[in-house]
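Read off the chains here:
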Amino acid sequence: QVQLVESGGGLVQPGGSLRLSCTASRSIFSGMSMAWYRQSPGKQRELVAAFISGGSTNYADSVKGRFTISRDNAKNTLYLQMNSLKPEDTAVYYCNANFLSMPTFQPISVWGQGTQVTVSS
């Protein structure tokens, strides 16, 4: 079973930057879609950025131009570079992976444990 471990969260001032990392226990590949979600207390979990199977990327409107998702298959790692951080970015950020198993093509979704990002002066 694949496991995801996030790191890189912390406390940062408004306008600052952080880079989150998500390392998978197994190799990532082109057919695996990966994404970052976030959730604040009492709010719904929302999609922040996605790296879709095939190489395309998608971003929530609230983070476009500030966040960048990327991945390094050789290191089994997904990244989220967060710039120009705002207080409303404060949340627990979760890494997610979705893929079809081989050879039965069963859908599988895996979540990391989350990492706290706090943006405050």
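Our subject is the structure listed above.
What you see as residue numbers is a count from 1 along each chain, following the sequence as written. In keeping with the model being predicted, local features are shown solely for residues with a pLDDT of at least 70 and side-chain atom pairs are shown and tallied solely at 80 or more, while totals for entire chains, interfaces and linings include all residues. Side-chain measures here rest on the full set of heavy atoms in the structure, leaving out hydrogens and waters.

Caption draft 1: Expanded view of the overall build of the chain. Each helix is a run of DSSP H or I of at least 4 residues and each strand a run of E of at least 2, with the numbering of both proceeding from the N terminus. The secondary structure content of the chain amounts to 0 helices and 11 strands. Scanning the chain from its N terminus toward the C terminus, one meets helices and strands in the order β-β-β-β-β-β-β-β-β-β-β. If one aligns the C-alpha atoms of the chain with their principal axes, the spans along those axes are about 50 × 25 × 25 Å. For each residue, the accessible area found with a 1.4 Å probe, counting protein chains only, is set against the maximum for its type, and the residue is called buried under 20%, exposed over 50%, and partly exposed in between. In the chain, which comprises 121 residues, the share counted as buried stands at 41%. Any pair of residues with heavy atoms lying within 4.5 Å of one another is described as a contacting pair. For the chain, the proportion of contacts with a sequence separation of at least 24, taken over those separated by at least 6, is 55%. Method for areas: the Shrake-Rupley scheme with a 1.4 Å probe, in which residue coverage is limited to the protein chains shown. Per element, the accessible surface of the chain, about 6500 Å² overall, is 50% carbon and sulfur. Across the chain, 10 positive and 6 negative side-chain charges occur, with their mean positions spaced 4 Å apart. Only four residue types enter the charge count, namely Lys and Arg as positive and Asp and Glu as negative; His and the chain termini do not. Each charge is placed at NZ for Lys, CZ for Arg, CG for Asp and CD for Glu.

Caption draft 2: How the structure looks around the packing of aromatic side chains. For this analysis, a ring pair means two rings from Phe, Tyr or Trp (six-membered ring only for Trp) whose centres lie within 6.5 Å, classed as stacked if their planes differ by under 30 degrees, edge-to-face if by over 60, and tilted for the remaining angles. This model, assessed by the stated rule, comprises 1 aromatic pair. Lysine and arginine charges are scored as sitting over a ring when NZ or CZ, respectively, is within 6 Å of the ring centre and within 35 degrees of the ring normal. Between Arg-45 and the ring centre of Tyr-94, over which it is positioned, the NZ or CZ distance is 3.9 Å. Over the face of the ring belonging to Trp-111 we find Arg-45, whose NZ or CZ atom lies 4.7 Å from the ring centre.

Caption draft 3: View of the state of the cysteines. In this description, a disulfide is simply a cysteine sulfur pair whose atoms lie within 2.5 Å. Inspection of the entire model under this criterion finds 1 disulfide. For Cys-22, the disulfide goes to Cys-95, at an S-S distance of 2.1 Å. Across the S-S bond of Cys-22 and Cys-95 the torsion is about -75 degrees, and the bridge reads as left-handed. Of the two residues, Cys-22 is situated in strand β3 (residues 18–24) and Cys-95 in strand β9 (residues 91–100); the sequence distance between them amounts to 73 residues. One exposure class covers both Cys-22 and Cys-95, and it is buried.

Caption draft 4: Representation of the nonpolar core within the structure. The biggest cluster of nonpolar side chains holds 30 residues, and the ones touching the most others in it are Leu-4, Met-34, Trp-36, Leu-80, Met-82 and Tyr-93. Look past the residues within four positions of Leu-80 in its chain and what remains in contact with it is Leu-18, Arg-19, Leu-20, Trp-36, Val-48, Ala-49, Phe-67, Thr-68, Ile-69 and Tyr-93. To form a nonpolar core, buried Ala, Val, Leu, Ile, Met, Phe, Trp, Tyr and Cys residues must be joined to one another through side-chain atoms within 4.5 Å.

Caption draft 5: Quick peek at the pattern of salt bridges. The working definition used for a salt bridge is a side-chain nitrogen of Lys or Arg within 4 Å of a carboxyl oxygen of Asp or Glu. Considering all chains together, one arrives at 4 salt bridges under this definition. Close ionic contact of Glu-46 with Arg-38 constitutes a salt bridge, the shortest N to O distance being 2.7 Å. Put simply, Arg-66 and Asp-89 hold a salt bridge, and the shortest N to O gap is 2.8 Å. One end of the pair, Arg-66, is in the loop between β6 (57–59) and β7 (67–72); the other, Asp-89, is in the loop between β8 (77–82) and β9, and 23 residues separate them in sequence. Judged by its relative accessible area of 0%, Asp-89 falls in the buried class. Because the salt bridges share partners, they merge into one network encompassing Arg-38, Glu-46, Arg-66 and Asp-89.

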